[in-house]
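Observations on chain architecture
The lines below spell out each chain.
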Amino acid sequence: MTTDSNPGSTSGAPQQTADGAQARNQLDASARRAGIVALARERGSLAVSDLPERFGVAPETIRRDLRRLEEAGQIVRAYGSVRAVDSGSFETDQRARAEHSTQEKLRIAAEAVARIGQAKTIVIDEGYLPLLIGRALPKDRPLTVVTTALPTAMEVVTAPNLTVYVVGGRLRGGTFGVVDHWAERMLSAMEPDLAFIGANGVTEEGWLTTPDPTVAGIKETIIEVSRRRIFVGDHEKFGRSTFARFGRVGDMECLITGRELRESTARRFAVFGPEVVRV
């Protein structure tokens, strides 16, 4: 007499084992990539060469992880380093901004100041690049500077010929920028000649964005009350969305960025109306 074998007893075991191993590998990769992003957010910048040893995997595996994370818009790779990207749930602090793309930002700040023209009252947004604009302001003629950023106010208050107004409100810990309704009310009573405005992301559809809706409210008010508006931002801001919209590229007189931005990308954004200046 023959006995029928149980189909579920052994024949499916190799496949089940393979499926389980694949699931574990996927879980390990997901956890590792989350760890890379968390570390980049904590430190501001990571050396790619340090990551294989830290996470106990081969360099090829790390390169694959970084490629996936970059495709997902969570990191940026440049010159052997990794940096976390601003999003609706994360924003880089002032220290990290000061350490990244510094030469590009200095060029942008110089070009921005060269475009002041006859403006006598100037609003300077929060952020490290606007701080560089404050440092570069001309000191040989009277100017009134309004700023939503405590570091910028402290930087320019001792400069000759500058009268400085600090917008009042709630102070943000990461960027030391001022937000909320008191700040919006103060700004809404002004009519400045010129505003320098930054953003965490500029979408392909031409929206200016920031991770924090309260910051978006401040920037939107600045745009509404200013006679002239100039956007300043490094090349990595373009083609990214960081959650809260506050204005359109078309609201700007010009967009000043680094020559690192591809010419083809600059042409795409120039379609929205403003001059795109790459320095």
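Residues numbered from 1 in each chain as written. Predicted model: local features only at pLDDT ≥ 70, side-chain atom pairs only at ≥ 80, totals over all residues. Heavy atoms only, no water.

A tally of helices and strands in the protein chain yields 10 helices and 15 strands. Residues classed as buried in the protein chain amount to 46% of the 279 residues present. The contacts of the protein chain with a sequence gap of at least 6 include a subset with a gap of at least 24, amounting to 61%. (Helix = DSSP H or I, 4+ residues; strand = E, 2+ residues; numbered from the N terminus. Buried < 20%, exposed > 50% of the residue type's maximum accessible area, 1.4 Å probe, protein only. Contact = heavy atoms within 4.5 Å.)

Our focus in this paragraph is helix α5 (residues 102–114). The first and last C-alpha atoms of α5 sit 19 Å apart over 13 residues, in line with the 18 Å expected at 1.5 Å per residue. Among all positions in α5, only Glu-104, Lys-105, Ile-108, Ala-109, Ala-112 and Val-113 are buried. Here the buried residues of α5 occupy an arc of 165° about the axis, which is enough to place them on one side. Opposite its buried face, α5 presents the exposed residues Gln-103 and Ala-114, each directed more than 90 degrees away. (Expected span 1.5 Å × (residues − 1). Arc of directions from axis to C-beta.)

For the rest of this paragraph, the subject is the confidence of the model for the protein chain. Regions with low pLDDT carry predicted coordinates that are not meant to be interpreted in detail. Looking at the protein chain, pLDDT values average 89 and 86% of them are 70 or higher. Counting contacts from residues 1–5, a segment whose pLDDT is below 50, to residues more than four positions away or on other chains yields zero contacts. (pLDDT = per-residue confidence, 0-100.)

Buried residues of helix α10 (residues 263–270): Thr-265, Ala-266 and Phe-269, and no others. The arc that holds the buried residues of α10, viewed along the axis, is 100°, so those residues lie on one side. At its buried positions, α10 is contacted by β10 (201–202), β14 (254–257) and β15 (275–278).

With that settled, consider the sheet that holds strand β9 (residues 194–197). Each strand in a sheet pairs with another by means of backbone hydrogen bonds, the pair being arranged parallel or else antiparallel. The sheet built from seven strands is open, its strands ordered β6-β5-β4-β9-β12-β14-β15 with parallel pairing. Whereas interior strands pair on both sides, the edge strands pair on one side only; in this sheet they are β6 (162–166) and β15. The average angle at which neighbouring strand axes cross in this sheet is 20°, direction not considered. Of the strand pairs in this sheet, β14 and β15 are connected by four bridges, and their pairing is parallel. When the bridges of β15 are listed, Leu-255 appears paired with Val-276. The strands touched by α5 within the sheet are β9, β12 (228–232), β14 and β15, with β14 carrying the most contacts at an inclination of about 145°. Against the sheet, α10 engages β14 and β15, with an angle of about 155° to β15. (Pairing = 2+ DSSP bridges. Axes fitted to C-alpha atoms, helices over the stretch in contact; angles between N-to-C directions.)

The next thing to look at is the nonpolar core. If you look at the biggest cluster of nonpolar residues, it comprises 28 residues, and the most contacted ones within it are Leu-208, Phe-231 and Leu-255. Counting residues per element, the ones that place at least two in this core are β8 (178–179), α8 (181–188), β9, α9 (213–225), β13 (244–248) and α10. Top contributing element to this core by residue count: α9, with five residues. With residues up to four places along the chain from it excluded, the contact list for Leu-255 reads Phe-231, Phe-238, Val-249, Phe-269, Pro-274, Glu-275, Val-276 and Val-277. (Core = buried A, V, L, I, M, F, W, Y, C linked by side-chain atoms within 4.5 Å.)

A word on a nonpolar patch on the surface. A surface patch of nonpolar side chains, amounting to about 430 Å² of accessible area, comprises Leu-150, Met-154, Val-166, Leu-171 and Phe-176. Within the secondary structure, Met-154 sits in helix α7 (residues 150–156). (Patch = residues over 30% accessible without salt bridge, like charges linked within 9 Å, V, L, I, M, F, W, Y side chains within 5 Å. Areas by Shrake-Rupley, 256 points an atom, 1.4 Å probe, with all protein chains shown as cover. Salt bridge = Lys/Arg side-chain N within 4 Å of Asp/Glu carboxyl O.)

Attention now goes to the pairing of strand β3 (residues 81–84). Bridge count for strand β1 (residues 46–47) against β3 is two bridges, and the pairing is antiparallel. Paired with Ala-47 across the two strands is Ser-81, which belongs to β3. In the sheet, strand β2 (residues 75–78) pairs with β3 via four bridges, with the strands oriented antiparallel. Its bridge partner being in β3, Arg-77 is matched across the sheet by Val-82. Adjacent in sequence and paired antiparallel, β2 and β3 are bridged by two residues, among which Tyr-79 carries a positive phi angle near 55°.

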